[in-house]
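Examination of the molecular architecture
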Amino acid sequence: MIPKKLTSNSHIRVIAPSRSLNLISDENIKAAEDRLGELGFTLSYGKHVRESDIFTSASVEHRLYDLHEAFQDPAVDAIFTVIGGFNVNQLLRHIDYDLIKNNPKILCGYSDITALSNAIYAKTDLITYSGPHFSTFAIKYGLEYTIEYMNKCLLSDDPFDI
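Small disclaimer: the values here were computed from a predicted structure and weren't measured.

**Details of the overall build of the protein chain**
When you go through the protein chain residue by residue, the secondary structure sums to 5 helices and 5 strands. Start at the N end of the protein chain and walk to the C end: the helices and strands fall as β-α-β-α-β-α-β-α-β-α. On C-alpha atoms alone, the protein chain measures out to a radius of gyration of 15 Å, which is about the 15 Å that the 2.2 N^0.38 rule sets for 162 residues. When its C-alpha atoms are laid out on the principal axes, the protein chain stretches across 35 × 35 × 30 Å. For the protein chain, buried positions account for 48% of its 162 residues. Taking as baseline every contact in the protein chain between residues at least 6 positions apart, the subset at least 24 positions apart corresponds to 78%. A total accessible area of about 8,200 Å² is found for the protein chain, and carbon and sulfur atoms account for 51% of it. Averaged over its 15 positive side-chain charges, the protein chain has a centre that lies 2 Å from the centre of its 21 negative ones.

**Topic: the pairing of strand S4 (residues 106–109)**
The side-chain alternation of S4 yields two buried faces, one formed by Ile106 and Cys108 and the other by Leu107 and Gly109. Here strand S3 (residues 78–81) runs beside S4; their pairing, made up of 3 bridges, is parallel. Paired with Ala78 across the two strands is Ile106, which belongs to S4. Note on the crossover from S3 through helix H3 (residues 97–102) to S4: the handedness is right-handed. Relative to strand S5 (residues 129–130), S4 runs parallel, the two being bridged by 2 bridges. Residue pairing in the sheet places Cys108 in a bridge with Tyr129 of S5. Following the chain from S4 across helix H4 (residues 113–124) to the adjacent parallel S5, one finds a crossover that is right-handed.

**Quick look at the layout of surface pockets**
Roughly 200 Å³ of internal volume is contained in the largest pocket. In terms of lining, the largest pocket is formed by Cys108, Tyr129, Ser130, Gly131, Pro132, Tyr145, Thr146, Tyr149, Met150, Cys153, Leu154 and Ile162. Where the lining of the largest pocket is concerned, the elements lending two or more residues are S5 and helix H5 (144–154). By residue number, the principal contributor to the lining of the largest pocket is H5, which donates 6 residues.

**A closer look at the environment of His133**
Among the secondary structure elements, His133 is positioned in the loop between S5 and H5. Each residue touching His133, except ones within four places of it in the same chain, is listed here: Thr81, Val82, Ile83, Gly84, Gly109, Tyr110, Ser111 and Ile113. Only 3.3 Å separates the side chain of His133 from the backbone nitrogen of Gly84, close enough to count as a polar contact. From its side chain, His133 meets the backbone oxygen of Tyr110 in a polar contact 3.3 Å long.

Reading the values: the criteria
Residues numbered from 1 in each chain as written. Predicted model: local features only at pLDDT ≥ 70, side-chain atom pairs only at ≥ 80, totals over all residues. Heavy atoms only, no water. Helix = DSSP H or I, 4+ residues; strand = E, 2+ residues; numbered from the N terminus. Rg over C-alpha atoms; globule rule 2.2 N^0.38 Å. Buried < 20%, exposed > 50% of the residue type's maximum accessible area, 1.4 Å probe, protein only. Contact = heavy atoms within 4.5 Å. Areas by Shrake-Rupley, 256 points an atom, 1.4 Å probe, with all protein chains shown as cover. Lys, Arg positive; Asp, Glu negative; His and termini not counted. Charge placed at Lys NZ, Arg CZ, Asp CG, Glu CD. Pairing = 2+ DSSP bridges. Right-handed = clockwise from strand over helix to strand, strands pointing away. 1 Å grid on protein atoms, 1.4 Å probe; cavity = no way out; pocket = protein on both sides within 12 Å on 5 of 7 lines; lining within 4 Å. Points joined across faces, edges and corners; volume = space filled by probe spheres on them. Polar contact = N/O pair within 3.5 Å; in protein donor to acceptor, adjacent residues only side chain to side chain.

Here it is as structure tokens:
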């Protein structure tokens, strides 16, 4: 199952299924927001995206809440993760895969998020994307290639070569 492609005015929800937004400086958050805004996207954040415990993460329950809420919210077109980490595996056995299957959306992230993406694909057949995190958009130089191919993958149905 391939999720609906984005348009230049799509709504992206930023969630932290692994590590917290608190890892990212305010300057870099603003830079990522500005860059995604320049691309025409509207952003919102999961309720618990800034929570940070000893592992620089929110509780399993709160990370699940944000994941489920993002998939359930009809106003959200895509879900981008803040950053990777090492603990997304804690969520896998608790995910409501039926909710995700019934509300397919783009999920984009990499690193630790690969475990989440693979679990969602295995349980729902929903195609997910190994691509930029929200925090990636704060990179000052050399992001053109990433944006070009994100647009090819997430906004277009046309085939392309890598």
